[in-house]
Structure formats: structure tokens, C-alpha cells
Amino acid sequence: MSEEYNENCSHDCSSCGESCSERAGAPQDFLAPMNAYSNVKNVIAVVSGKGGVGKSFVTCALAAAMSRRGYRTAVLDADMTGPSVPRCFGLRDKAVADERGILPAVTKGGIRVMSVNLLLENEETPVVWRGPVIAGTVKQFWSDVVWGDVDYMFVDMPPGTGDVPLTVFQSLPVAGIIVVTSPQELVSMIVAKAVHMAEEMKIPVLGFVENYSYITCGHCGEKLSVFGESRIDEIAAQYMLPVLAKLPVDPAIAGAADSGRMEELSVGCFDSIADYLENVFAAVHASEKKAEILRIAVPTDENENISGHFGHCESFMLYEIGPGGLNGRHAVKASGNGHASAIELMKENGVSVVVCGGIGREALEGLTAEGIRVVPGMSGDIDVAVAAFLDGTAAESGAATCSSCGQDEDMGCGGCCSGCSGCH
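Please read these numbers as outputs of a predicted model, since none were measured by experiment.

### Regarding the nonpolar core
Here is step 1: Ranked by size, the top nonpolar core spans 87 residues in total, and within it Phe89, Met153, Val155, Val168, Phe169, Ile177 and Phe270 carry the most contacts.
Here is step 2: Here this core gets nine residues from one element, more than from any other, and that element is helix α2 (residues 55-68).
Here is step 3: For phenylalanine 270, the residues in contact, after removing those within four places along its chain, are Phe57, Val58, Ala61, Leu62, Ala65 and Leu247.
Here is step 4: In this structure, Cys313, Leu318, Val351 and Ile359 belong to the second largest nonpolar core, which totals 20 residues.

The following block contains the structure:
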């Protein structure tokens, strides 16, 4: 059997006598070679568990947002049977080739695009291809297209978890995925499938974008949940991942996509996502793309709410966050003998962030001296608090706070906690 993909292979080695690498159990590298005239840095796949949620729109809007910031940006349209990226950018000319390979189409703003619609004589011709052919075309788009220097490549994925998503995750160096959803009852199951596939492929989920989240009344300004109440915050908290945006139903947005004016469309939330991606990949490159583990500790009471006393809590809940999200959490019994012993416990468990309620100056300075970041002033459910830190809505601070009165120590708390330095 050839080492190339064989569509007749059942992957059941017990009934096969061929001597291939898969049967031999040798570790396989499925990455397709990048085009020799290309240098693509960050590949981000935009996925959805079902069709019709606006995945292609989100892909194009993200590419346009990063391009406006001066990044060299590209879109690889891997949705072979439903390619809509060229139309979103108003691209009509067909792709051409030279001795180096296939040349991508380029938008007015300089975004490089490759889609099967740029190769078909008629864009309305259906792509009636079997899975292996479609998968092979995706790899050709990576290996045979002259992308040049690209800072961010967004891959518009087909819906679901079939052949093409598997091919993209195995063949391209995907640095992260963004999951696009809609506010429907099935969303929890659909999101779970996408997240679990990413986990199996060891690719980090960067966050969620909810489309069709609401419509704004033109008379009173009220936000109406026409497709049902959103559950994305609850689901995001479950997986300890951020909600990057909640997009409204807006005719102006649909009109820009339908008329090929995506680069003229400026939606504020996509600028926020661009900020997030810049921060994520700046951190990735600063650490030379090593898979770092983030350990977060939360002082906890008997109801798994945040304890108001860092140094005198009953226990700490320790969260381990990896590139793919939450790896796990477990409780560690605290001595309750003050902040010095609590800080030692943090050091012993490799904690890098403490999310807490009240914390005094001595405890804060002690943690900071050990290189441990502190996010004070939090309360309520510990999972929600950690999720707030991860999505950026709760920030670290150098201000000591009292859980009883909420005052900054430097502003004076009236002595209810001995100046906040001793009891926390």
C-alpha cells in the first residue's frame, strides 16, 4: 500500500496485511509542507458545529479587522461545498498560476484569498466531490498556493467534525480555533462537539463568537432575543473559555457581506477580538510557542464560593489551564493560619494567579514578591470568577481590599479589619 492516503483503507489493522506506517505504530506527522514561497505565521481556524450560523462572515470580518491594523492577512476557504468567501470580498476574477504555484486572489485591502470558487469556471457550479478529493484540495491550498509572508491566516471551515476539519487540524499548523454559535437549545451539544474535537487534536480553543444574539428595537433600543435566550456565557464558564463577541441581527452587516463590502464594514466587537488575538499571539511568541500551564488559586468557602479571607480560608480551589482550556481543578486544604502560610501553599503548588475577595497589603506584597499575580475584589461562584479573569473582564490589581467594606486600604477602611493587613 502506498504511504499516500488510500480511500479504500478501513483503518482496521486486524483485517489488513499491509505494512504501512499506521500498522507499524510509528508516530506520524501529517503536516502538509508549506509552499516554498510562503511564510505563514499564525493559522486560526473558524469552526461551527452546524451550518447557517454566520461562520464565513465571522472569518471575513476577522481577516478585515486584522488587515486594517496593518497585518498581512489571508483567508483559506476550506468550506469546499459552500464557498462564500470570494463573494464576501467582492472577488470575481479567477485564480492564476505561475512557475511557483497558484497565486491567491487579493482584495482591495490586500487580503489574500484562496477558494474553490476562484478555480471553477462558474461560481454556481456545485462541488460534488468525495471526501478524499475535498481533503486533498485543502492540502493543496496550503502547499501549492503562493501565500507569501502572512501574519494571520484565517481558515473558513465547513460545519461539523468530518473529513475536512480533521484534514485541516492534521495538515495545517493550526494555532487556535474560534467557535461560532447561535442562541439555540442545541448550542451546548454543538459547542461540546467542537471543543472536544479540538481537545483530541490538541489545538487550543481561543473563544466563542455568538451570532444572531439579539436584535435592537429601532424605536425603544431594547435588545430582543428573537432566536431564544443566550446560554453562551454559561457554556463558556463551563469550559473556562472567553466569549469574544455577541453579534446582533443587523441588515447592514448582511448587506455588506452580500455585496462584497466586508472590508468597508467596521463592527466594534471585531476590533476587540483583534485586540485579544494580538495579546494571545504576542504571549505565544514571547514564550516561543511553548505550551505553558497556567495555575490559578481561589480561596474557597464550604459552598464553593469565594472566601472573603485569603489568609484564613478553609481551602483553595486550584485550576490548571492549558492551551486547550481547562485541564482540571482540585481543592487543597488550607491551614487558615494567616497569609504567610497561604503564600507558601501557593508556591508549593506552582500557582501563578490568585483570584480572591479581600486581601490585605502584606499578603498582596508577599504574593507579588513571589511573582504571583493577584485579582482581588471578587465574590460569588468561583468558576464564574475564574472565567471572568480568563476573558479579561476581571483584571489584576495592586490595591489591597477589605472584603467587609470593599474599601481600598490606601483610602482607609475605618479599622474594621485592622487596616486590612492582618486578617486577610
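Now that the structure has been shown, we can carry on.
### Points about the packing of aromatic side chains
Here is step 1: Applying the stated rule across the entire model yields four aromatic pairs.
Here is step 2: When the ring of tyrosine 152 is compared with that of phenylalanine 281, the centres are 5.8 Å apart and the planes differ by 80°; the resulting orientation is edge-to-face. Remark: phenylalanine 281 occurs in helix α9 (residues 268-286) and tyrosine 152 occurs in strand β7 (residues 149-156); sequence separation between them is 129 residues. The two residues tyrosine 152 and phenylalanine 281 agree in class, both being buried.

### Here we look at the side chain of lysine 55
Here is step 1: Counting through the fold element by element, lysine 55 comes out in helix α2.
Here is step 2: Reaching out from lysine 55, the side chain makes a polar contact with the side chain of aspartate 156 at a distance of 2.9 Å.
Here is step 3: A polar contact of 2.5 Å, which involves the side chain of lysine 55, links it to the backbone oxygen of methionine 157.
Here is step 4: Residue contacts for lysine 55: discarding those within four places in its chain leaves Val46, Val47, Ser48, Asp79, Asp156, Met157, Pro158, Pro159 and Val180.

Criteria and thresholds
- Residues numbered from 1 in each chain as written.
- Predicted model: local features only at pLDDT ≥ 70, side-chain atom pairs only at ≥ 80, totals over all residues.
- Heavy atoms only, no water.
- Core = buried A, V, L, I, M, F, W, Y, C linked by side-chain atoms within 4.5 Å.
- Buried < 20%, exposed > 50% of the residue type's maximum accessible area, 1.4 Å probe, protein only.
- Helix = DSSP H or I, 4+ residues; strand = E, 2+ residues; numbered from the N terminus.
- Contact = heavy atoms within 4.5 Å.
- Phe/Tyr/Trp six-rings, centres within 6.5 Å; stacked < 30°, edge-to-face > 60°.
- Polar contact = N/O pair within 3.5 Å; in protein donor to acceptor, adjacent residues only side chain to side chain.

Everything listed is a geometric property; what it means functionally is a separate question.
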